[in-house]
Amino acid sequence: MTARKTTKTTPVPRFAHYAEKEATPTMQAYAEWLTRETGYAVDVQSVVLASWLRGEFQKSEENQRRIAEAKTRKSEQAKARAERKAERDAKREQREAAILAKAEAILAAKKEKAA
């Protein structure tokens, strides 16, 4: 029986090569501007990664799923708001109809009494 040799390697992340890219002068200036304007010490390499990979994130399945879920959630919330408004409107109409009916009954009674 022979021993089987296996090598366990950690897979390289898909966009690992972007972590080695240099900051462009614009990215460097942007990081400095962010630090100056926010008071937060921005990591230049984070600006580099964010700049290079924003588009990839936008079209990723994970982000598209998040967008779809948010859209569904907003739609459900809007529907629930519309239903609550319709219920409030219906109750208001019932109250107004009851007030009108009462007023008409009072007016009819006064007319009958006057006659």
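Residues numbered from 1 in each chain as written. Predicted model: local features only at pLDDT ≥ 70, side-chain atom pairs only at ≥ 80, totals over all residues. Heavy atoms only, no water.

Q: Mind laying out the packing of aromatic side chains, listing which residues take part and the relevant values?
A: In this structure the tally under the stated criterion is 3 aromatic pairs. Between Tyr18 and Trp52 the ring centres are 6.1 Å apart and the planes differ by 40°, which places this aromatic pair in the tilted class. Of this pair, Tyr18 sits in the segment before helix H1 (25-38) while Trp52 sits in helix H2 (residues 44-59), and the two are 34 residues apart along the sequence. Judged by its relative accessible area of 18%, Tyr18 is buried. Residue Trp52 is classed as partly exposed on the basis of its relative accessible area, which comes to 35%. Here Tyr30 and Trp33 contribute two aromatic rings whose centre-to-centre distance is 6.2 Å and whose plane-to-plane angle is 15°, an arrangement assigned as stacked. Of this pair, Tyr30 and Trp33 both sit in helix H1, 3 residues apart, which is roughly one turn of the helix. For Tyr30, a relative accessible area of 43% puts it in the partly exposed group. Here the aromatic cluster, defined as three or more aromatic residues joined through ring pairs, consists of Phe15, Tyr18 and Trp52. Its guanidinium or amino end placed over the ring of Trp52, Lys21 lies 4.7 Å from that ring's centre, counting from NZ or CZ. (Phe/Tyr/Trp six-rings, centres within 6.5 Å; stacked < 30°, edge-to-face > 60°. Helix = DSSP H or I, 4+ residues; strand = E, 2+ residues; numbered from the N terminus. Buried < 20%, exposed > 50% of the residue type's maximum accessible area, 1.4 Å probe, protein only. Lys NZ or Arg CZ within 6 Å of the ring centre and 35° of its normal.)

Q: How would you sum up the pattern of salt bridges? Please name residues and give values.
A: A full pass over the atoms with the stated rule returns 6 salt bridges. For Arg14, the salt bridge identified is with Glu56, shortest N-O distance 3.6 Å. Taken as a pair, Arg14 in the segment before H1 and Glu56 in helix H2 lie far apart in primary sequence, 42 residues in all. Judged by its relative accessible area of 65%, Arg14 falls in the exposed class. Note on Glu56: relative accessible area 24%, which makes it partly exposed. One salt bridge in this structure joins Asp89 and Lys85, with 2.9 Å as the shortest N-O distance. One end of the pair is Asp89 and the other is Lys85, both in helix H3 (residues 61-114) and 4 residues apart, which spans about a single turn. One network of salt bridges, with partners in common, ties together Lys85, Asp89, Arg92 and Glu96. (Salt bridge = Lys/Arg side-chain N within 4 Å of Asp/Glu carboxyl O.)

Q: Talk me through the environment of Arg92; I want residue IDs and the actual numbers.
A: Relative to the helices and strands, Arg92 resides in helix H3. The sequence separation of Arg92 and Ala19 amounts to 73 residues, and the corresponding C-alpha distance is 62 Å.

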